[in-house]
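Close look at the chain arrangement
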Amino acid sequence: MPETHLYSGGRLYNLKFMKIGIPKEIKNNESRVGATPAGVKELKGHGHEVYVQHTAGDGSGFSDDEYVAAGATILPTIEDVYATADMIIKVKEPIAPEYKLIRKGQLLFTYFHFACDRELTDAMLESGATCIAYETVTDRDHRLPLLIPMSEVAGRMSIQEGARFLEKPQGGRGVLLGGVPGVKPAKVLVLGAGVVGRNAALMAAGLGADVTITDISLPTLRHCAEVMPRNVKTLFSSRHNIEQELPTTDLVIGSVLVPGAKAPHLVTKDMLKLLRPGSVMVDVAVDQGGCFETTHPTTHSEPTYVVDGVVQYAVANIPGAVPYTSTLALTNATLPYAIRLATLGWKEACRKDPGLADGVNITDGKITFKAVAEAFDLPYTPLNLD
């Protein structure tokens, strides 16, 4: 990698000029892409070479010609992109056909959600690559800035999808979320008042539903009570309270997140009998193992299954259904980090930004994120940036 130098703040930095690869996503019905043409232009402006796989942006509405105009080089295959690039920018975690393409020392910047995927974890350990996970990068306020945009999309989408599957032809009870004059609206229970949960509650409330949002944080519930519409009620999250709500609930949204770790099961299999047949459960936490005991990942092509008469939706890439919006929102958030990683190199970028260092889950065959190691009872090695 070519280098130049910058003297700033009394310190000399080696600036790297990386070859950055944007492969086409190959996960089922995943149409997002790791960077927009505008993002490519910014990377090029910092001196980096960007290689985009042929048609990688088509699903999001970005043509090869737009990438070329932004300064990218188009490569014909995913193999070419991985072989050429020092740094890979993606949306979703690599899947089995990609494992063999990843090499030692390569930098991967994407969503990983390692804690619920042992096969992926083992493959990345074996590869020797450095894996920086969007979902565990933090900011100065200990928020998750690279998870927030997709959480906003997923929260709003969860209500759209829940409303669709409440329709009788889709297997639901035949309930209109907002009701009509003389007919009560549907009842929506949102588990977790984080970014996903708040966006779900706002969307459901906007459609006129009767919404209850739960959390274990009283300050969070107080905030929700202050800012949410009047048709959103707050409830402390406990098994007892959830069980009391389920018999009259039409749509349950699971949105609990423990950063980098498996989600807790807030609705167990035996609790499904409390729901009426045709009720719908949408588990947005499926990437982290799901917060319903009966959750298993589904796809946009086969999004639901039925357990004990309850329709369950557990698509692992919900924002992939609206790729144009999602890709723009994601690039807005990831691009500043990608520029720093490429320009400074990942170690120096992480030394300068401890929140970015929180994103390093695996490097050089070692797990450097404790929750991932604990999920599989594997050795944990604190991150060494020397």
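For the rest of this paragraph, the subject is the overall build of the protein chain. Within the protein chain, the regular secondary structure consists of 13 helices and 17 strands. Computed over the C-alpha atoms, the radius of gyration of the protein chain is 22 Å, within 12% of the 21 Å expected from 2.2 N^0.38 for a compact globule of 386 residues. Taken along its principal axes, the extent of the C-alpha atoms in the protein chain is 70 × 45 × 40 Å. The burial tally for the protein chain puts 54% of its 386 residues in the buried class.

The next point concerns the sheet that holds strand E11 (residues 232-236). The strand order across the open sheet formed by seven strands is E11-E10-E9-E12-E13-E15-E14, and the pairing between neighbours is mixed. Among the strands making up the open sheet, the edge pair consists of E11 and strand E14 (304-307). Across this sheet, the average inter-strand angle for adjacent strands is 20°, counted without regard to direction. Pairing analysis gives four bridges linking E14 to strand E15 (residues 310-313), with the strands arranged antiparallel. Bridged to Val306 within E15 is Val311. The strands that helix H6 (residues 148-165) touches are strand E9 (187-191), strand E12 (251-254), strand E13 (280-283), E14 and E15; relative to E12, the one it contacts most, it runs at about 150°. Packed onto the sheet, helix H7 (residues 195-206) meets E9, strand E10 (210-215), E11 and E12 and runs at close to 170° relative to E10.

The interhelical angle for the contact between H6 and helix H10 (residues 323-344), taken along N-to-C directions, is 155°, at an axis separation of 8 Å. In terms of axis orientation, H6 runs roughly antiparallel to H10. Facing Pro149, Met150 and Val153 of H6, the residues of H10 in contact are Ser326, Ala329, Leu330 and Ala333. The residue makeup of the contact of H6 with H10, split by class, is six nonpolar, one polar and no charged.

Turning our eyes to something else, we now look at the sheet that holds strand E4 (residues 49-53). The strand order E5-E4-E3-E6-E7-E8-E16-E17 describes an open sheet built from eight strands, whose pairing is mixed. Strands with a single pairing partner mark the edges of an open sheet, and in this sheet they are strand E5 (73-75) and strand E17 (366-367). With three bridges connecting them, E4 and E5 associate as parallel partners. By the bridge assignment, Tyr51 is partnered in E5 with Thr73. Docked against the sheet, helix H1 (residues 37-45) engages strand E3 (19-22), E4 and strand E6 (87-89), running at close to 150° with respect to E4. Strands E3, E6, strand E7 (107-110) and strand E8 (130-133) of the sheet are contacted by H10, whose axis makes an angle of about 170° with E7.

What follows is about a nonpolar patch on the surface. Taken together, the side chains of Leu176, Val180 and Val183 present a nonpolar region at the surface, about 270 Å² in accessible area. As for its position among the elements, Leu176 is in the loop between H6 and E9.

On to the pairing of E12. Burial along E12 is two-sided: the residues Leu251 and Ile253 and Val252 and Gly254 are all buried. Alignment of E9 against E12, held across four bridges, turns out to be parallel. When the sheet's bridge partners are listed, Val188 is paired in E12 with Leu251.

Right, let's get into the nonpolar core. Soluble, globular proteins show a tendency: their nonpolar side chains are buried together. With 75 residues, the main nonpolar core has Met87 and Val188 as its most contacted residues. When residues of this core are assigned to their parent elements, the largest contribution, nine residues, is made by H10. What Val188 contacts, discounting residues up to four positions off in sequence, is Ile159, Leu177, Ala204, Ala209, Asp210, Val211, Thr212, Leu251 and Ile253. In terms of nonpolar packing, the next biggest core, distinct from the first, is built from 28 residues, Tyr99, Leu101, Phe112 and Ala129 among them.

The next point concerns the side chain of Thr212. In this structure, Thr212 sits in strand E10. Ignoring any residue separated from it by four or fewer positions in sequence, one finds Thr212 in contact with Val188, Leu189, Val190, Lys233, Leu235 and Glu245.

With respect to the element layout, Gln244 can be found in helix H9 (residues 239-245). When its relative accessible area of 52% is taken as the criterion, Gln244 is described as exposed.

Scanning all chains against the criterion turns up one cavity of 30 Å³ or more. Of the voids in this model, the largest cavity is the one considered here, and its volume is about 30 Å³. Taken together, Gly34, Ala35, Leu43, Ile89, Thr331, Thr334, Leu335 and Ala338 make up the full set of residues lining the largest cavity. Ranked by the residues each element gives to the lining of the largest cavity, the list is headed by H10, at four residues. Across the lining of the largest cavity, the residue classes tally to five nonpolar, three polar and no charged.

On to the pattern of salt bridges. When charged atoms on two side chains of opposite charge get close, those side chains can pair. Applying the stated rule across the entire model yields 21 salt bridges. The salt bridge involving Glu93 is made with Lys92; its shortest N-O contact spans 3.8 Å. Lys92 carries the same exposure label as Glu93, and that label is buried. Here the salt bridges share partners, and the residues they tie into one network are Lys27, Lys92, Glu93 and Asp287.

Bringing the confidence of the model for the protein chain into the picture now. Mean pLDDT for the protein chain: 94, with 96% of residues reaching 70 or above. Note that pLDDT drops below 50 for residues 5-10; the model gives that stretch 10 contacts with residues more than four away or on any other chain.

Parameters and conventions
- Residues numbered from 1 in each chain as written.
- Predicted model: local features only at pLDDT ≥ 70, side-chain atom pairs only at ≥ 80, totals over all residues.
- Heavy atoms only, no water.
- Helix = DSSP H or I, 4+ residues; strand = E, 2+ residues; numbered from the N terminus.
- Rg over C-alpha atoms; globule rule 2.2 N^0.38 Å.
- Buried < 20%, exposed > 50% of the residue type's maximum accessible area, 1.4 Å probe, protein only.
- Pairing = 2+ DSSP bridges.
- Axes fitted to C-alpha atoms, helices over the stretch in contact; angles between N-to-C directions.
- Contact = heavy atoms within 4.5 Å.
- Parallel < 35°, antiparallel > 145°, perpendicular 65-115°, else oblique.
- Nonpolar A, V, L, I, M, F, W, Y, C, P; charged D, E, K, R; others polar.
- Patch = residues over 30% accessible without salt bridge, like charges linked within 9 Å, V, L, I, M, F, W, Y side chains within 5 Å.
- Areas by Shrake-Rupley, 256 points an atom, 1.4 Å probe, with all protein chains shown as cover.
- Salt bridge = Lys/Arg side-chain N within 4 Å of Asp/Glu carboxyl O.
- Core = buried A, V, L, I, M, F, W, Y, C linked by side-chain atoms within 4.5 Å.
- 1 Å grid on protein atoms, 1.4 Å probe; cavity = no way out; pocket = protein on both sides within 12 Å on 5 of 7 lines; lining within 4 Å.
- Points joined across faces, edges and corners; volume = space filled by probe spheres on them.
- pLDDT = per-residue confidence, 0-100.

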